[in-house]
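Chain by chain, the residues:
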Amino acid sequence: MTVESTAARTSRRSAGSKAGTTGTKRTTRTTAKKDAAAKGTEPELVQLLTPEGKRVKNAEYDKYVAGVTPEELRGLYRDMVLTRRFDAEATALQRQGELGLWASLLGQEAAQIGSGRATREDDYVFPTYREHGVAWCRGVDPTNLLGMFRGVNNGGWDPNSNNFQLYTIVIGSQTLHATGYAMGVAKDGADSAVIAYFGDGASSQGDVAESFTFSAVYNAPVVFFCQNNQWAISEPTEKQSRVPIYQRAQGFGFPGVRVDGNDVLGVLAVTRWALERARSGEGPTLVEAFTYRMGAHTTSDDPSRYRGDEERQAWEAKDPILRLRRYLEASNHADEGFFAELEAESEALGKRVREAVRAMPDPDHFAIFENVYADGHALVDEERAQFAAYQASFADEGGN
């Protein structure tokens, strides 16, 4: 069974199911959104592909995807399917004890693939810890993403090989790194751009606000790409901001735009526009990809404690992969042979990832004490000796 077919089946099941019970939080969120829609205050949303897979025209952004060929559309679909398959395998490996933790991107494939494919080779990307689809687009081998989560390394790849920085666990700090790098790009006179990823929860961090300030003042060629997946762990977006996130850019003096984050074509178009602005010296842009985290925040999270099934079911009907498949089929851009080959490729990827993780060597137990201080430190030496004695105690017990 492939992830692709599971998504399609889930969507059909959701469409025919009755609405589940919801808690106070869900009711409040739904009521607020209905009130906003009734007043005509719902934020403008860029959308080129509807959840039903129908292409809609957009005078402002159509030109950025006008040259997309059927082959490229199939490529975007393949990217999303394989990224989801890799993500599902990583989640399963964590449940089997092969990884210490995993942050799933389930539901956010279009936001990541659309924006990732919008970048040029000479652009530089600063991710958080969930940008597995962007890493795929930048040519980072999926197995390299898993070393840190298995505890065998501190990253897993050379950032300068793919212009893709290492994953950042500290919330929001990568936006400062991206801004500083972009300021350097401008001083070098290069025409490349920088893109920084973060979530709706990180938008409340001071680092992000400082990044907005510096990038605006110095007209840095950076795109701030916020994946608003509706939940900052257990806190909904309305507890993060009183205004739509993209509107925050206005206070810093640069444009912001909200795009349907489950529409890979819309994301591709908007991100291309924002990156072109950056490269041409027009400064920063804030892109808010309005999407949804289908699964848990990480494998240590239980989303059923803070959100209802009805909410997830509503978003499953907007599934990014199913949406593009409908468009491909309706446009005769893909046949059953294509989908069958992709299914086989998907299963092969899952097997390769599984085997690669299980073949990773265990890390040196004493490596944690290395490189703490340049010239060594008495306290570190003492801790190393204590740890060595602790490890030796297991060997003694085994010998008895």
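Up top is the structure these notes are about.
Here's a quick rundown of the structure. Predicted, not measured: the structure shown is a model, and the values here were computed from it.

With that out of the way, let us pick up the overall build of the protein chain. In terms of regular secondary structure, the protein chain is built from 14 helices and seven strands. Residues classed as buried in the protein chain amount to 50% of the 400 residues present. Contacts in the protein chain between residues at least 24 apart in sequence constitute 75% of all its contacts with a sequence separation of at least 6. Summed over all atoms, the accessible surface of the protein chain reaches about 18,700 Å², with 50% contributed by carbon and sulfur.

Attention now moves to the pairing of strand β2 (residues 194-199). A large share of β2 lies buried, amounting to five of its six residues. As defined by bridge partners, strand β1 (residues 124-126) adjoins β2 across three bridges and the pair is classed as parallel. Across the sheet, the residue bridging to Tyr 124 is Val 194, located in β2. Here β2 runs beside strand β3 (residues 222-228); their pairing, made up of six bridges, is parallel. Within β3, the residue paired with Tyr 197 across the bridge is Phe 225. In this fold, β2 hands off to helix α9 (residues 206-217), which returns the chain to β3; that crossover is right-handed.

Once that is clear, we can look at the sheet that holds β1. Overall, parallel pairing links the five strands, which are arranged β1-β2-β3-β7-β6 in an open sheet. For this open sheet the edge positions go to β1 and β6 (256-260), each flanked by a neighbour on one side alone. Here the strands of the sheet are splayed against their neighbours by 20 degrees on average, with no regard to which way each runs. With respect to the sheet, helix α4 (residues 109-116) is in contact with β2, β3 and β7 (285-290), its orientation differing from that of β3 by roughly 165 degrees. Across the sheet, α9 is in contact with β2, β3 and β7; its angle to β3 comes to roughly 150 degrees.

Moving on, we get to helix α11 (residues 309-316). When α11 is considered as a whole, its buried residues turn out to be Glu 311, Trp 315 and Glu 316. Angular distribution of buried residues about the axis of α11 spans 135 degrees; they occupy a single face of the element.

All told, the structure shown has 28 aromatic pairs when counted by the stated rule. When the ring of Tyr 61 is compared with that of Tyr 64, the centres are 6.4 Å apart and the planes differ by 45 degrees; the resulting orientation is tilted. Classification of Tyr 61 by relative accessible area gives buried; the value is 4%. Centroid distance Tyr 124 to Phe 126: 5.3 Å. Interplanar angle 35 degrees. Geometry classified as tilted. Classification of Tyr 124 by relative accessible area gives buried; the value is 3%. The class of Phe 126 is buried, set by a relative accessible area of 5%. One Lys or Arg, Lys 318, reaches over the ring of Trp 315 and ends 4.1 Å from the middle of that ring.

By size, the foremost hydrophobic cluster in this structure holds 67 residues, and its most contacted members are Tyr 77, Leu 146 and Leu 324. Beyond its immediate stretch of four places on either side in the chain, Leu 324 contacts Leu 49, Leu 73, Leu 76, Tyr 77, Met 80 and Val 264.

When two helices pack together, their arrangement is given by the angle between their axes and by how far apart the axes lie. Packing of α4 against helix α10 (residues 264-279) leaves a shortest axis separation of 7 Å and a crossing angle of 40 degrees. Taken together, the axes of α4 and α10 are oblique relative to one another. As for how α4 packs across α10, the hand of that crossing is right-handed. Counting all contacts with α4, which are made through Ala 110, Ala 111, Ile 113, Gly 114 and Ser 115, the residues of α10 involved are Val 264, Val 267, Leu 268 and Thr 271. Of the residues in the contact of α4 with α10, the class split is six nonpolar, three polar and no charged.

Thresholds applied
- In this convention, every chain numbers its residues from 1, walking through the sequence in written order.
- At least 70 in pLDDT is required for a residue's local features to be given in this predicted model, at least 80 for side-chain atom pairs to be given and counted, and no such filter applies to totals for whole chains, interfaces and linings, which use all residues.
- Hydrogens are left out, water is left out, and the side-chain values use all remaining heavy atoms of the structure.
- Secondary structure follows DSSP: runs of H or I at least 4 residues long count as helices, runs of E at least 2 residues long count as strands, and numbering of each begins at the N terminus.
- Burial here depends on accessible area, computed with a 1.4 Å probe over protein chains only, as a share of the maximum for the residue type. Under 20% is buried, over 50% is exposed, and the range in between is partly exposed.
- Contact definition: two residues touch when any of their heavy atoms are within 4.5 Å.
- Areas reported here follow the Shrake-Rupley algorithm with a probe of radius 1.4 Å; residue values treat only the protein chains shown as occluding.
- Strand pairing is defined by DSSP finding a minimum of two bridges between the two strands.
- Crossovers are marked right-handed if the path from the first strand over the helix to the second runs clockwise, as seen with the strands pointing away from the viewer.
- Every axis corresponds to a line fitted to the C-alpha atoms, with the helix fit spanning only the stretch in contact, and the corresponding angles, defined between N-to-C directions, vary from 0 to 180 degrees.
- Arc definition: directions from the helix axis to the C-beta atoms.
- A pair of aromatic rings is counted whenever rings of Phe, Tyr or Trp (Trp by its six-membered ring) have centres within 6.5 Å, and the orientation is called stacked for planes under 30 degrees apart, edge-to-face for over 60 and tilted otherwise.
- Charge-over-ring contacts are defined here by two conditions on Lys NZ or Arg CZ: a distance within 6 Å of the ring centre and an angle within 35 degrees of the ring normal.
- Residue types Ala, Val, Leu, Ile, Met, Phe, Trp, Tyr and Cys, when buried and joined through side-chain atoms within 4.5 Å, form a set referred to as a nonpolar core.
- Orientation categories follow fixed angle ranges, with anything under 35 degrees roughly parallel, anything over 145 roughly antiparallel, 65 to 115 roughly perpendicular, and all other angles oblique.
- Should the near helix be turned counterclockwise from the far one by less than a right angle, the crossing is left-handed, whereas a clockwise turn marks it as right-handed.
- Under the scheme applied here, ten amino acids are nonpolar (Ala, Val, Leu, Ile, Met, Phe, Trp, Tyr, Cys and Pro), four are charged (Asp, Glu, Lys and Arg), and all others, including Gly, are polar.

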